[in-house]
Amino acid sequence: MTARGDALLAAVAVSLMSVCLHAGFQQTGLQECHRCDGRLQDGSAVGNFCIASAGQVDGRCCLRHQGEQDRATIIGLDLSNCSLGNVEDLHEAITAVIIDLSANPIVNMSDSVFQGFTQLHSLRLPLPCQCPGGNESWETVEDIGSVCLCEGQRDACYSGGNMSWNCPENSLCGPYGPGLVQCSCSGDYHGYKCLRKVSTLSSSCITKLLLGCLFKPPLIHPSSAYPGRHCLELIPGSIGQRAGLHSGQDAVPPQDIHHNTLAQYRCFRDCLLHCMLYSML
């Protein structure tokens, strides 16, 4: 009985360990980290960076956990000697500071591979040395043995201290990876080439115009009997009258109440249409 019980406990322990290992892989098992076999090695460029950054090793990646949900992000990626011929998508490593792609027979690399890699500081590639964005997009470009080192990504919006990209008027230039920029509309501007502007009065437009309808609406009944009267001035018990904002002393003829209510409705309608059209300009 004791031997059988020990065997059962051992089987349960192995099952629990398998579940835990699988769960751990699901939490940090980013596909880029396991694109090829092996593990991040101490003494490599990415390995040394990971130690200095107090990162966590997962396959070929150096990870950093951050945020309330303790989400893992890649800060270092070592895909050296992975027999890579094409490099088309590295989006999982968009937060990487250092990437090593050396010792690979790379014959094709998409121009958009490093789009959005604004934090990338060091990139190691196989020779011949062709840094993404052009060598002018990096502070240092040099051959080190069989490795091309691209280091110190420059802000593509500026070249020699001057703006090197012509973003549309009412927009701001921002870096978007080696040799890449993105133009973002500034302030209240939006739309194609940032030509449209959101009115700063849009949030208060309806309130102001409706109050205008209540207290100074359009004229109605322009007859000699009721010259210059407003659409709510003739309605007993209206908000304006209760607030003591009207000075007229004449009584309201019963036949005019329907007309004034209709005028009030038209006043509100015109105010709303005006605001809608104004916000579209």
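Treat the numbers as computed from the prediction; the structure is a model and nothing was measured.

Definitions and cut-offs
Residues numbered from 1 in each chain as written. Predicted model: local features only at pLDDT ≥ 70, side-chain atom pairs only at ≥ 80, totals over all residues. Heavy atoms only, no water. Pairing = 2+ DSSP bridges. Helix = DSSP H or I, 4+ residues; strand = E, 2+ residues; numbered from the N terminus. Phe/Tyr/Trp six-rings, centres within 6.5 Å; stacked < 30°, edge-to-face > 60°. Buried < 20%, exposed > 50% of the residue type's maximum accessible area, 1.4 Å probe, protein only. Arc of directions from axis to C-beta. Contact = heavy atoms within 4.5 Å. Disulfide = S-S within 2.5 Å. Salt bridge = Lys/Arg side-chain N within 4 Å of Asp/Glu carboxyl O. Lys, Arg positive; Asp, Glu negative; His and termini not counted. Core = buried A, V, L, I, M, F, W, Y, C linked by side-chain atoms within 4.5 Å.

What follows deals with the pairing of strand β13 (residues 181-185). Where strand β12 (residues 171-175) and β13 come together, 5 bridges link them in antiparallel fashion. Paired with Ser171 across the bridge in β13 is Cys185. The antiparallel pairing of β12 with β13 creates a hairpin that spans 5 residues between the two strands, and Gly177 there sits at a positive phi of about 120°.

Below, the discussion takes up unusual backbone geometry. That bond from Leu127 to Pro128 is cis: its omega, 0°, falls within 30 degrees of zero. Turning to its location among the elements, Pro128 is positioned in the loop between β7 (122-126) and β8 (138-144). Positive phi is not limited to glycine here, since Ala103 has a value of about 60°. On the secondary structure map, Ala103 appears in the loop between β5 (98-100) and β6 (108-109). Phi at Asn170 takes a positive value of approximately 70°, unusual for a residue other than glycine. The topology assignment puts Asn170 in the loop between β11 (162-163) and β12.

Take the packing of aromatic side chains next. Applying the stated rule across the entire model yields 1 aromatic pair. An angle of 80° between the planes, with centres 5.5 Å apart, marks the rings of Phe114 and Phe117 as edge-to-face. Each member of the pair, Phe114 together with Phe117, is buried.

A few words now on helix α2 (residues 45-52). Among all positions in α2, only Val46, Gly47 and Cys50 are buried. Projection of α2 onto a plane perpendicular to its axis shows the buried side chains occupying an angular sector of 100°, all on one side. When the buried face of α2 is taken as reference, the exposed residues oriented beyond 90 degrees from it are Ile51 and Ala52. Against the buried residues of α2 lie β1 (56-58), β2 (61-66), β3 (71-78) and β5. Positive backbone phi, approximately 55°, marks Ala54, located one or two places after α2.

Further remarks concern the state of the cysteines. Enumeration over the complete set of coordinates arrives at 8 disulfides. Disulfide partner of Cys185: Cys194, at an S-S distance of 2.0 Å. When the S-S torsion is -90°, as for the bridge of Cys185 with Cys194, the disulfide is left-handed. Its relative accessible area of 32% is what places Cys185 among the partly exposed residues. Relative accessible area serves as the criterion here: at 5%, Cys194 is assigned to the buried category.

Taken as a whole and assessed by the stated rule, the structure comprises 3 salt bridges. Residues Arg35 and Glu32 are paired through a salt bridge, measuring 2.9 Å at the closest nitrogen-oxygen approach. Arg35 gets classed as partly exposed once you look at its relative accessible area, which sits at 33%. For Glu32, a relative accessible area of 7% translates into the label buried.

With that settled, consider the side chain of Asp78. Relative to the helices and strands, Asp78 resides in strand β3. Of the buried charged residues, Asp78 lacks a salt bridge, with Arg60 as the closest side chain of opposite charge at 4.1 Å. Those residues within four positions of Asp78 in sequence are excluded, and the remaining contacts are Leu40, Ser44, Val46, Arg60 and Asp100.

For the rest of this paragraph, the subject is the environment of Val107. Here Val107 shows up in the loop between β5 and β6. Given a relative accessible area of 72%, Val107 falls into the exposed group. Separated by 22 residues in the primary sequence, Val107 and Gly85 place their C-alpha atoms 5.6 Å from one another.

Okay, the nonpolar core next. Counting residues in each nonpolar core, the largest one holds 27 residues, and the members touching the most others are Leu77, Leu79, Leu90, Ile99, Leu101, Phe114 and Leu123. The set of elements that each furnish at least two residues to this core consists of β2, β3, β7 and β9 (147-153). At 3 residues, β3 tops the list of elements feeding residues into this core. Counting 6 residues, the second largest nonpolar core, distinct from the first, contains Leu40, Cys50, Cys62 and Ile75.

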